[in-house]
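# Residue-level structural notes
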Amino acid sequence: MRYTAVEHDAFAADFNRDSLVILKNHFPREKLARWAEAFRPLLRAQVAREEGLPSRGAQRYYVTLPFLGLWADPGIYEDPDVLAIVERVAGPDPVLCQLASDTPLKGSDYQDWHADTPPLFPELGSNDTPSFQLAVNFALCDVGDANGPFETTFGTHRMTRPKAMSGLESGAIAQHRLPMAMGDVMIRDVRAVHRGTPNTTDEPRPMVVLGYSRRWYFRPEVNIRVPQSTWDALSPRGRKLLRYNPVVPDEQAAIAEESYRAFAY
Ligand SMILES: O=C(O)CCC(=O)C(=O)O
């Protein structure tokens with residue numbers, strides 16, 4: 001644990017105000033460099049599978065990571081500082097429901113501004129509830145202006161979409177471009193209005209996404225297929241985090257096709 005309980009409280013307060021916090025230099029770069037190497041063949045396979053029609057916009061690929069080997073790393077998904085902040089903003093006993101990646105390549109474009117989920121109770125005409133779905137993001141390379149930095153807005157996680165969009169249009173709500181070093185970890189409320197930007201370089205820009213849900217929230221569009229041998233080796237904390245995911249025979253761990261296609265609200 002790098003931070004104290006008082007610091008976790010401060011991160012949680014910033015998160016609740018802004019919609020996100022970034023833990024600088026949090027995950028070891030050497031580990032992420034190994035992930036980057038292991039990611040290359042997965043990306044190649046996904047590009048081939050989607051044959052020029054990627055689901056996230058031009059030259060932008062969503063790839064689920066198999067919960068096996070180096071990807072099933074409790075040093076990442078059980079990180080105590082990340083979980084301490086997740087629990088402060090989304091309540092105790094969160095569920096880990098997603099391990100995947102977003103990768104713009106050269107030729108990618110600005111996405112439309114979007115949130116990743118609709119309000120919890122749209123019929124109220126309000127989005128002003130505590131957080132229920134978080135994304136934990138970290139890149140497998142350094143991200144700067146040239147290779148597709150994430151752009152977002154602060155405070156819009158508790159606003160309706162029309163209010164967020166009119167604020168963006170009038171300039172009352174600022175756009176924040178977030179360069180991230182490899183090793184920085186962003187924890188964000190997926191309701192905040194954000195977008196991917198173009199990667200103008202020849203190198204892919206993979207951004208890992210771990211999804212954590214409030215303990216009663218179920219997202220049918222994603223899951224983690226937990227191979228039986230991985231499940232057998234999980235810590236008690238790991239079993240609790242992964243409790244609503246399917247445990248499958250090892251040979252069925254790979255997914256045949258991405259099913260998470262409706263991603264923008
Ligand atoms: O990869 C990014 O920078 C953002 C991607 C994104 O927001 C999405 O595809 O929903």
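All of the points below concern the structure found in this document. Just so you know, these numbers come straight off a predicted model, no measurement behind them.

### A closer look at the overall build of the chain
In terms of helices and strands, the chain carries 7 helices and 11 strands. Here the chain has a C-alpha radius of gyration of 18 Å; the compact-globule value for 265 residues is 18 Å, and the two agree. With respect to the principal axes defined by its C-alpha atoms, the chain has extents near 50 × 40 × 35 Å. Expressed as a percentage of the 265 residues in the chain, the buried residues total 53%. Partitioning the intrachain contacts of the chain with sequence separation of at least 6 by distance along the chain shows that 84% fall at a separation of at least 24.

### Quick notes on unusual backbone geometry
Backbone geometry places Asn25, a non-glycine residue, at a positive phi of 45 degrees. Its location among the elements puts Asn25 in the loop between strand 1 (20–23) and helix 2 (29–50).

### Looking at the site of the ligand
Lining the immediate environment of the ligand, one finds Arg56, Arg60, Asp102, Gln111, His114, Asp116, Phe150, His194, Gly196, Arg205 and Phe263. Within the contact set of the ligand, an oxygen atom lies 3.0 Å away from a side-chain nitrogen or oxygen of Gln111. Burial of the ligand by the surrounding chains reaches 96%, relative to a free accessible area of 290 Å². Split into classes, the residues belonging to the shell around the ligand amount to 2 nonpolar, 4 polar and 5 charged.

### Some remarks on the packing of helix 1 (residues 5–18) against helix 4 (residues 80–90)
The contact between helix 1 and helix 4 brings their axes to 9 Å, and the two run at 55 degrees. Judged by the inter-axis angle, helix 1 sits oblique to helix 4. As helix 1 packs across helix 4, the resulting crossing turns out to be right-handed. Across from Ala5, His8, Asp9, Phe11, Ala12, Phe15 and Asn16 in helix 1, the residues of helix 4 making contact are Asp81, Ala84, Ile85, Arg88 and Val89. Counted by class, the contact of helix 1 with helix 4 contains 7 nonpolar, 2 polar and 3 charged residues.

### Regarding the side chain of Thr230
Here Thr230 shows up in helix 6 (residues 228–232). Polar contacts involving the side chain of Thr230 include one to the main-chain carbonyl oxygen of Phe67, which spans 3.3 Å. When residues no more than four places from it in sequence are discounted, the contact partners of Thr230 are Phe67, Leu68 and Ala72.

### Section: the sheet that holds strand 5 (residues 150–152)
Across the sheet, 3 strands lie side by side as 6-5-8; this open sheet has antiparallel pairing. Of all the strands in the sheet, just strand 6 (176–178) and strand 8 (194–195) have a single pairing partner and so form its edges.

### Let's talk about helix 2
Along an α-helix, a turn takes 3.6 residues, which lines up residues three or four apart on a common side. Relative to the 32 Å expected for 22 residues at 1.5 Å per residue, helix 2 spans 30 Å between its end C-alpha atoms, a close match to the ideal helical length. Where helix 2 bends most, the angle comes to about 35 degrees, and this point is Phe39, followed within four residues by the proline Pro41. Taken together, the buried positions of helix 2 are Lys31, Leu32, Trp35, Ala36, Phe39, Leu43, Gln46 and Glu50. Check the buried side of helix 2 and you find it contacts strand 2 (60–64), helix 3 (74–77), strand 3 (95–104), strand 4 (133–139) and strand 9 (207–213). In the segment just after helix 2, Glu51 is the residue with positive phi, at about 40 degrees.

### Overview of the packing of aromatic side chains
Here the distance between the centres and the angle between the planes together describe a pair of aromatic rings. Throughout the structure, instances matching the rule amount to 7 aromatic pairs. Pairing Phe27 with Phe138 gives two aromatic rings, centres 5.1 Å apart and planes at 85 degrees, and the pair type is edge-to-face. You can see Phe27 sitting in the loop between strand 1 and helix 2 and its partner Phe138 sitting in strand 4, a full 111 residues away along the chain. Note on accessibility: Phe27 and Phe138 belong to one class, buried. Its end group placed over the ring of Tyr62, Arg56 keeps NZ or CZ at 4.4 Å from the ring centre.

### What to know about the pairing of strand 2
Look at any regular strand and the pattern is simple: side chains alternate between the two faces of the sheet. Of all 5 residues making up strand 2, 4 are buried, and the element is well covered by its neighbours. Where strand 2 lies against strand 3, 5 bridges are found, and the strand directions are antiparallel. Its bridge partner lying in strand 3, Val63 is registered against Ser101.

Basis of the calculations
Residues numbered from 1 in each chain as written. Predicted model: local features only at pLDDT ≥ 70, side-chain atom pairs only at ≥ 80, totals over all residues. Heavy atoms only, no water. Helix = DSSP H or I, 4+ residues; strand = E, 2+ residues; numbered from the N terminus. Rg over C-alpha atoms; globule rule 2.2 N^0.38 Å. Buried < 20%, exposed > 50% of the residue type's maximum accessible area, 1.4 Å probe, protein only. Contact = heavy atoms within 4.5 Å. Near = heavy atom within 4 Å. Polar contact = N/O pair within 3.5 Å; in protein donor to acceptor, adjacent residues only side chain to side chain. Areas by Shrake-Rupley, 256 points an atom, 1.4 Å probe, with all protein chains shown as cover. Nonpolar A, V, L, I, M, F, W, Y, C, P; charged D, E, K, R; others polar. Axes fitted to C-alpha atoms, helices over the stretch in contact; angles between N-to-C directions. Parallel < 35°, antiparallel > 145°, perpendicular 65-115°, else oblique. Left-handed = near helix turned anticlockwise from the far one by under 90°. Pairing = 2+ DSSP bridges. Expected span 1.5 Å × (residues − 1). Bend = angle between axes of the 7 residues up to and from the residue. Phe/Tyr/Trp six-rings, centres within 6.5 Å; stacked < 30°, edge-to-face > 60°. Lys NZ or Arg CZ within 6 Å of the ring centre and 35° of its normal.

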